[in-house]
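Working through the structure, step by step
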Amino acid sequence: MSQADVLAQIQHLKTSRKAVILAHNYQPAEIQDLADFTGDSLELSQQAAITPAEVIVFCGVHFMAETAYILSPMKKVLLPDAAAGCFMADMITAEKLRAKKKELPGVPVVCYVNSPADVKAESDICCTSSNAAKVIESLPQKEILFVPDKYLGQWGASQTGKKLHLWPGFCPTHARILPEHILKLKEEYPTAKVVAHPECRPEVHALADAVLSTGGFMQYARQPDVKQMIVATEEGVIHRLEKENPGKLFIPIKEVAICANMKLTTPEKVLWSLQDMSTEVIVPEEIRLKALGAVQRMLKAV
Ligand code: 13P
Ligand code: SF4
């Protein structure tokens, strides 16, 4: 089947199934182009919560599809490749979190959405990379247990002055971005702005003009004085940045910053997922309701 046939069949099935296709900013270019909406984690969960569609095809990774289901259990949420997990989300379990909470009685848990549903269910409030500092700020307590991303937690602590107990998780893709990559590109492009994702190391944050979510990258790039930008995050964002800002230069951290799980989605898999209505992502109701509390508290706090 030609690529044009695949795309035509996706459009046809999307209408007959009353489906919407959501894509994360790290998805391959052809997936972003066929999606109805492309955005960061917060924007995608907001879309999942308000869409009138009956089916959500979630082009991203498992925790994102789970969050969509947590917010919209009456919809069918499909993940085109069931193997698309998140290495960071796999660095924590609900059991280990329960043990840690016992060591820190009375300390609230802020949980980055890059985590399994049962970990969210054990947490007081969720956050994304775009609102972590505001969520931390919204809590009256001075001491917080932040899970699972130690680098986002360090960034949150630096922005709020609060004492954060950090879970030792991290994103292996962002951890590969090193200060020397930025410094080398700065030598080549001295007037370029440096924008980093908070999942990067603090040494990379320190070299950045701004530390932002992937949605924040899009907003930052629209500023008239930004002509060149060194992009310290997964390279998938470059597609939208270039499409929305013709004539501007976006410089990736070559080769190192690729999330293999985000690249598992293909147009064929999107088609198959609509044909077979699979793979459906579901969260047991007891866990969903507890996790929903943490997600809703985040949506209210920011
Ligand atoms: P954003 O919420 O900034 O899109 O980040 C999601 C993610 O997985 C980053 O690695
Ligand atoms: Fe998870 Fe990192 Fe991939 Fe984001 S880039 S989905 S944090 S492994």
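Residues numbered from 1 in each chain as written. Chains lettered and ligands numbered in written order. Predicted model: local features only at pLDDT ≥ 70, side-chain atom pairs only at ≥ 80, totals over all residues. Heavy atoms only, no water.

So, on to the sheet that holds strand E7 (residues 143-147). Spatially, the four strands line up as an open sheet ordered E6-E5-E7-E8, and their pairing is parallel. Taken across any chain shown, the strands that pair with only one partner, and hence form the sheet edges, are strand E6 (125-127) and strand E8 (163-166). Each strand axis lies, on average, 30° off the axis of its neighbour in the sheet, ignoring direction. Pairing geometry for strand E5 (residues 109-112) and E7, over three bridges, is parallel. Within E7, the position partnered with Val110 by the bridge is Phe146. Here helix H8 (residues 150-160) sits on the sheet and contacts E5, E6, E7 and E8; the angle it forms with E8, its principal contact strand, is near 175°. (Pairing = 2+ DSSP bridges. Helix = DSSP H or I, 4+ residues; strand = E, 2+ residues; numbered from the N terminus. Axes fitted to C-alpha atoms, helices over the stretch in contact; angles between N-to-C directions. Contact = heavy atoms within 4.5 Å.)

It is worth spelling out the side chain of Asn25 at this point. Topologically, Asn25 is positioned in the loop between strand E1 (19-24) and helix H2 (29-34). Under the relative-accessibility criterion, Asn25 is labelled buried at 0%. One polar contact links Asn25 to Arg240, side chain to side chain, over a distance of 2.8 Å. Not counting chain neighbours up to four residues away, the residues in contact with Asn25 comprise Gln32, Thr38, Gly39, Asp40, Thr214, Gly215, Met218, Gly236, Val237 and Arg240. (Buried < 20%, exposed > 50% of the residue type's maximum accessible area, 1.4 Å probe, protein only. Polar contact = N/O pair within 3.5 Å; in protein donor to acceptor, adjacent residues only side chain to side chain.)

In a beta sheet, neighbouring strands pair by backbone hydrogen bonds and run either parallel or antiparallel. With respect to topology, four strands assemble into an open sheet ordered E10-E9-E11-E12, the strand pairing being parallel. Bordering the open sheet on either side are strand E10 (210-211) and strand E12 (249-252), each of which pairs with just one other strand. Relative to E10, strand E9 (residues 193-196) is paired through two bridges, and the arrangement is parallel. Counted as the bridge partner of Val195 is Ala210 from E10. Across the sheet, helix H12 (residues 214-221) touches E9, E10, strand E11 (228-232) and E12, and the angle it forms with E11 is around 175°.

Take the pairing of E11 next. Burial runs high along E11: four of the five residues are buried. Where E9 meets E11, four bridges bridge the pair, whose relative direction is parallel. Each residue of the ladder has a partner; that of Val195, found in E11, is Val231. Both E11 and E12 contribute to a ladder of four bridges, which runs parallel. When the sheet's bridge partners are listed, Met229 is paired in E12 with Phe250. Traced from E11 through helix H13 (residues 237-244) to E12, the parallel crossover comes out right-handed. (Right-handed = clockwise from strand over helix to strand, strands pointing away.)

Packing of H12 against H13 leaves a shortest axis separation of 10 Å and a crossing angle of 25°. With respect to H13, the axis of H12 lies roughly parallel. In the packing of H12 onto H13, the handedness of the crossing is right-handed. Residue-level inspection shows Thr214, Phe217, Met218 and Ala221 of H12 in contact with H13, the latter providing Val237, Arg240, Leu241 and Glu244. Taken together, the residues of the contact of H12 with H13 break down into five nonpolar, one polar and two charged. (Parallel < 35°, antiparallel > 145°, perpendicular 65-115°, else oblique. Left-handed = near helix turned anticlockwise from the far one by under 90°. Nonpolar A, V, L, I, M, F, W, Y, C, P; charged D, E, K, R; others polar.)

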